[in-house]
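Per-entry structural report
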Amino acid sequence: NAGVTQTPKFQVLKTGQSMTLQCAQDMNHEYMSWYRQDPGMGLRLIHYSVGAGITDQGEVPNGYNVSRSTTEDFPLRLLSAAPSQTSVYFCASSYSSPGQPYGYTFGSGTRLTVV
Amino acid sequence: AQTVTQSQPEMSVQEAETVTLSCTYDTSESDYYLFWYKQPPSRQMILVIRQEAYKQQNATENRFSVNFQKAAKSFSLKISDSQLGDAAMYFCAYRIIHYQYNNNDMRFGAGTRLTVKP
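Keep in mind it's a predicted model, so treat the numbers as computed, not measured. (Residues numbered from 1 in each chain as written. Chains lettered and ligands numbered in written order. Predicted model: local features only at pLDDT ≥ 70, side-chain atom pairs only at ≥ 80, totals over all residues. Heavy atoms only, no water.)

Before going further, it helps to spend a moment on the sheet that holds strand 1 (residues 4–7) of chain A. Residues and elements named next belong to chain A. Reading across from one edge, 1-3-8-7 is the order of the four strands in this open sheet, with antiparallel pairing throughout. The open sheet has two free edges, formed respectively by strand 1 and strand 7 (64–66), since each of these has just one partner strand. Taking the axes of each pair of neighbouring strands and ignoring which way they run, one obtains an average angle of 20° across the sheet. Strand direction decides the pairing type here: strand 3 (residues 19–25) and strand 8 (residues 76–78), joined by three bridges, are antiparallel. Counted as the bridge partner of methionine 19 is leucine 78 from strand 8. (Pairing = 2+ DSSP bridges. Helix = DSSP H or I, 4+ residues; strand = E, 2+ residues; numbered from the N terminus. Axes fitted to C-alpha atoms, helices over the stretch in contact; angles between N-to-C directions.)

Okay, structure coming up:
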């Protein structure tokens, strides 16, 4: 029962560097999303996907790219890291059929620091 | 814009006592689900309780219950017989039911940090 697996758990980047946060789920969930968590702000949606080949922007998409080539994987790419992207990142997945919004299953989070 | 409001950034409760965490939300939709998530120091997000907006009966899960007031758009969480393990950040969230398409993302409040005193 792996659920949602996020890697890495911690990462330090220099400004301008790029990296990919990995997210994989083994529950055959159609819906996957990325959130960032900042103090006093709760969780804010970055990007989401309703199935393989389909992605869309959330509330705070600038500076991030995503793709969904398979049902299982939903990586988040930072093309040129900035200090404002220092945050805790969560990947979440769920079943998602019209009329049936299930609760999320979350990954364990990635703490990213950009210096 | 934040559409879920948790007005209590921090709360504390004595062990074995009862505490209520407040949550209000703003949506023009009529069909949605409401959730409370717990985030202990381990950072893991754990689902505590879920409420369907079309149900009038308040959800309960052991020591956790909600007071759902749909007209007031209020969804408070009551923790009875508080335990040291209940200490965590608690997030309120809602998720709209879309019947024609399924990009129904979840919106979260800023969280309430609960401290349990022995």
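Another aspect to go through is the environment of lysine 117 of chain B. All names here are of chain B. Along the chain, the position of lysine 117 falls in strand 12 (residues 112–117). Note: C-alpha distance between lysine 117 and serine 82 (35 residues apart in sequence) is 9.3 Å. Setting aside residues up to four positions removed in sequence, lysine 117 forms contacts with Ser12, Val13, Gln14, Glu15 and Leu84. (Contact = heavy atoms within 4.5 Å.)

We now examine the layout of surface pockets. The space that makes up the largest pocket amounts to roughly 450 Å³. If you trace the largest pocket, you find 24 residues lining it, with Gln37 and Arg111 of chain A together with Gln39, Met89 and Arg113 of chain B closest to the centre. Residue assignment for the lining of the largest pocket shows that the elements contributing at least two residues are strand 4 (31–38), strand 9 (87–94) and strand 13 (110–114) of chain A together with strand 10 (88–96) of chain B. Here the lining of the largest pocket is composed, by residue class, of eleven nonpolar, nine polar and four charged. (1 Å grid on protein atoms, 1.4 Å probe; cavity = no way out; pocket = protein on both sides within 12 Å on 5 of 7 lines; lining within 4 Å. Points joined across faces, edges and corners; volume = space filled by probe spheres on them. Nonpolar A, V, L, I, M, F, W, Y, C, P; charged D, E, K, R; others polar.)

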